[in-house]
Amino acid sequence: MTKIKFCDVVTMTMRILGIETSCDETAVAIYDETQGLLAHTLYSQIALHAKYGGVVPELASRDHVRKLLPLIKEVLHAANTQPHEITGVAYTAGPGLVGALLVGAATGRSLAWAWRVPAIGVHHMEGHLLAPMLENPAPTFPFLALLVSGGHTQLIEVQAIGRYRLLGESIDDAAGEAFDKVAKLLGLGYPGGPAIARVAQQGKSGRFTFSRPMTQRPGLDLSFSGLKTQVLTTWQAQTIQDEQTRADIALAFEEAVIDTLLIKAQRALQQTGLKTLVIAGGVGANQWLRTRLQQLANELNIQVFYPRPIFCTDNGAMIAYTGYVRLKAGFQEPLSFNVQPRWSMESLN
Ligand code: KG4
Ligand code: ZN
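The following paragraphs examine the structure supplied in this document.

## Notes on the packing of helix α8 (residues 225-236) against helix α9 (residues 243-272)
No. 1: Contact geometry for α8 and α9: axes closest at 11 Å, N-to-C directions at 165 degrees. Comparing the axis directions of α8 and α9 gives the class roughly antiparallel. Judged by the twist between their axes, the crossing of α8 over α9 is right-handed. Residue-level contacts link L227, V231, T234 and W235 of α8 to T245, R246, I249, F253, A256 and V257 of α9.

Okay, here's the thing in structure tokens:
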């Protein structure tokens, strides 16, 4: 096998292998500087965790160990790429489940060492934030980002790559977490977001109404845990817990979360004067949210960008792309590695 020296890397077109193992998806992709995304693949552990109603960290780590190398081989093949053509390796270094992160970090670092190329630990939420850059057209800086995932709900002013100002965030449950918990208490299984969205399509609007938390107060922080309790008490108060009632409650919950996100996003746009809104993270895959955001964009005469749904939820492409951006900008890391289960995005500035 041809070995690349570190010094060759800067003169070659960059081709980055991206590895994502922060939670319950093993995902791998290859991003090329001139050709864009060459290949991406993903193995979801949903079936593994479904019977527990949520992610079991130890099972997640073990499954990443099983799936990661075969997926890397598969993606190299799909991208028609030999290992010596890879010029850098990016892996998710946090935030996430520590054991799961360590699988990706150890594998990514080892491959980079064997291939004599640099490796870089990527912030998972920065990956989500930059995922819309994989699309055409891509947003241009500056923009307001609404990051809505299973672990985070944040409004961020993005001036440039690595220049992030947190404007507001959830003070308790993230939006995705609320979807997951509400789905569980309605007996809809895991993951909750897609399940709620599916059932809500049969729901009748107006039968139930839940509050839009923290929208009456100034500020850009959010809170979804009270909403979950409202759903629980409403559901338990029903003498007939039939499919229609379940659908009506699911719809009312979905409407409350989406309205709240829209009110806060609109407020953040007004405060910052920004004209571009970017949505990313798993909840961004929600079709009703996307429709409502497009309506808002038309009303406010702003532009809204979101990645295709498979790049809203966890994926390898966003990690390969973010790794490319950071390596291109000259970021370097020592051979030793560390993962950060909790990691503020502002610390990247
Ligand atoms: O970004 P992501 O894949 O993982 C994290 O970084 O957390 O987000 C996962 C979250 C889950 O809570 C899931 O229920 C939610 O995104 N989600 C959705 C939809 N698809 C996934 N929420 C609402 N509607 C959806 N269609
Ligand atoms: Zn994520």
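Now that the structure has been shown, we can carry on.
## A closer look at the site of ligand 1
No. 1: Inspection of the region around ligand 1 gives 19 residues, with G150, D180, G193, G282 and D314 positioned closest.
No. 2: A distance of 2.7 Å separates an oxygen atom of ligand 1 from a polar backbone atom of G150.
No. 3: Between ligand 1 and the protein, one listed contact pairs an oxygen atom with a backbone N or O atom of G151 at 3.4 Å.
No. 4: Notes on ligand 1: free accessible area 550 Å², of which the protein chains cover 87%.
No. 5: Every element with two or more residues in the shell around ligand 1 is listed here: α5 (124-130), α6 (175-185) and α7 (192-200).
No. 6: A breakdown of the residues in the shell around ligand 1 according to their chemical character gives five nonpolar, twelve polar and two charged.

## Some points on the nonpolar core
No. 1: Ranked by size, the top nonpolar core spans 58 residues in total, and within it L17 and V89 carry the most contacts.
No. 2: Counting residues per element, this core draws most heavily on helix α12 (residues 317-328), at eight residues.
No. 3: Discounting residues that sit within four places of it in the chain, V89 has contacts with I16, L17, I19, G108, A112, W115, V117, P118, A119 and I120.
No. 4: Counting 48 residues, the second-largest nonpolar core is a separate cluster that includes V148, L167, A175 and F210.

Rules used in this analysis
Residues numbered from 1 in each chain as written. Chains lettered and ligands numbered in written order. Predicted model: local features only at pLDDT ≥ 70, side-chain atom pairs only at ≥ 80, totals over all residues. Heavy atoms only, no water. Axes fitted to C-alpha atoms, helices over the stretch in contact; angles between N-to-C directions. Helix = DSSP H or I, 4+ residues; strand = E, 2+ residues; numbered from the N terminus. Parallel < 35°, antiparallel > 145°, perpendicular 65-115°, else oblique. Left-handed = near helix turned anticlockwise from the far one by under 90°. Contact = heavy atoms within 4.5 Å. Near = heavy atom within 4 Å. Polar contact = N/O pair within 3.5 Å; in protein donor to acceptor, adjacent residues only side chain to side chain. Areas by Shrake-Rupley, 256 points an atom, 1.4 Å probe, with all protein chains shown as cover. Nonpolar A, V, L, I, M, F, W, Y, C, P; charged D, E, K, R; others polar. Core = buried A, V, L, I, M, F, W, Y, C linked by side-chain atoms within 4.5 Å. Buried < 20%, exposed > 50% of the residue type's maximum accessible area, 1.4 Å probe, protein only.

Any functional reading would require information that these geometric values do not contain.
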